[in-house]
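What follows is the residue order along each chain.
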Amino acid sequence: NKMAARMDIFRDSVKSVLDGWTVLQLAVQHGFGGVHSTAKAQWMVEAVYQWFQDNAGIEPTELEDFLAVLLNNEFDTLADDGSLPQVAEQICGYYRLCQQGRQHEVLSRIQQLPRAQLSQCVAATGPEQEEDDEEDEDEDEQDDEPEDQEEGDVQMHDAGMPGVEERVPQVAAPI
């Protein structure tokens, strides 16, 4: 059955997109969904797939809301990195292509999907802190801060975390 084969490819595309979604994979890696985090992520693939089976004409904004609810309910996580619309658009796009019989295009695209970028998501405090302290000294010399600052004021570089917001993308935050 051609439709069944198309839908199998759609399921594979949902799995590929969710497997490459850094927010979800970070939540899984850190156990935000409890001991069954991995199973919950696999279940999400089936939930999204089934939702498309049960509903016609799903819009990306609807899928975005659905994914946000699943992420919140199952992983106590909010996707605050702006990735949710992109994930929803990709999945809806793959569904449309499968419906149009263009599953070969879907297969080709999912092979090129990026993997979740977990290695770039590091904790703000960690073993590299000593290294940061050395950087602090360099930054203090180039400091444009006013000199009349009170002793008690703490700046980010004083705390040993220069440019944390640049180095550490916050893609998943437990609620």
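This text goes with the structure placed above it.
Residues take numbers from 1 onward in each chain, read along the sequence in its written order. Per-residue local features are limited, in this predicted model, to residues with pLDDT of at least 70; the limit for side-chain atom pairs, both in listing and counting, is 80 or more; totals at the level of whole chains, interfaces and linings are taken over all residues. Here the side-chain values reflect all heavy atoms present in the structure, with hydrogen atoms and water set aside.

Draft legend 1. Broad picture of the overall build of the chain. Secondary structure assignment for the chain yields eight helices and two strands. What you see in the chain, going N to C, is helices and strands ordered as α-α-α-α-β-α-α-α-α-β. Remark: exposure states derive from per-residue accessible area (1.4 Å probe, protein chains only) relative to the maximum for the residue type, with buried under 20%, exposed over 50%, and partly exposed in between. Within the chain, the fraction of its 175 residues that count as buried is 35%. Considering only intrachain contacts with a sequence separation of at least 6, the fraction spanning at least 24 residues in the chain is 71%. Starting at the N terminus, helices and strands are each numbered in turn, a helix being any DSSP run of H or I of at least four residues and a strand any DSSP run of E of at least two. By definition, residues are in contact when any of their heavy atoms lie within 4.5 Å.

Draft legend 2. Structural detail: helix α5 (residues 83-99). Multiplying 1.5 Å by the residue count of a helix minus one yields the expected span of that helix. Compared with the 24 Å implied by 1.5 Å per residue over 17 residues, the 25 Å span of α5 between its first and last C-alpha is a close match. Looking at α5, one finds that the buried residues are S83, L84, V87, A88, I91, C92, G93, Y94, Y95, L97 and C98. G101 lies just past α5 and shows a positive phi near 75°.

Draft legend 3. Summary view of the environment of H104. Within the element layout of this structure, H104 appears in helix α6 (residues 103-111). Residues H104 and R6, spaced 98 residues apart in sequence, show a C-alpha to C-alpha distance of 9.4 Å.

Draft legend 4. Fine view of the side chain of T77. Assignment of secondary structure puts T77 in strand β1 (residues 77-78). At a separation of 2.6 Å, a polar atom in the side chain of T77 contacts the main-chain carbonyl oxygen of F75. Counting of polar contacts relies on pairs of N or O atoms within 3.5 Å, with two restrictions inside protein: one atom must be capable of donating a hydrogen and the other of accepting it, and residues adjacent in sequence are counted only when both atoms are side-chain atoms.

Draft legend 5. Fine view of the pattern of salt bridges. Only one rule defines a salt bridge in this text: a Lys or Arg side-chain nitrogen within 4 Å of an Asp or Glu carboxyl oxygen. Tallying each qualifying case throughout the model produces six salt bridges. The partner of K15 in a salt bridge is D19, with the nearest N and O atoms 2.6 Å apart. With K15 and D19 both in helix α1 (residues 2-19) and four residues apart, this pair spans about one turn of that helix. A salt bridge links K40 to E74; its shortest N-O distance comes to 3.8 Å. Of this pair, K40 sits in helix α3 (residues 37-54) while E74 sits in helix α4 (residues 60-75), and the two are 34 residues apart along the sequence. Given a relative accessible area of 22%, K40 falls into the partly exposed group.

Remember that the coordinates give geometry; whether it matters functionally is a separate question.
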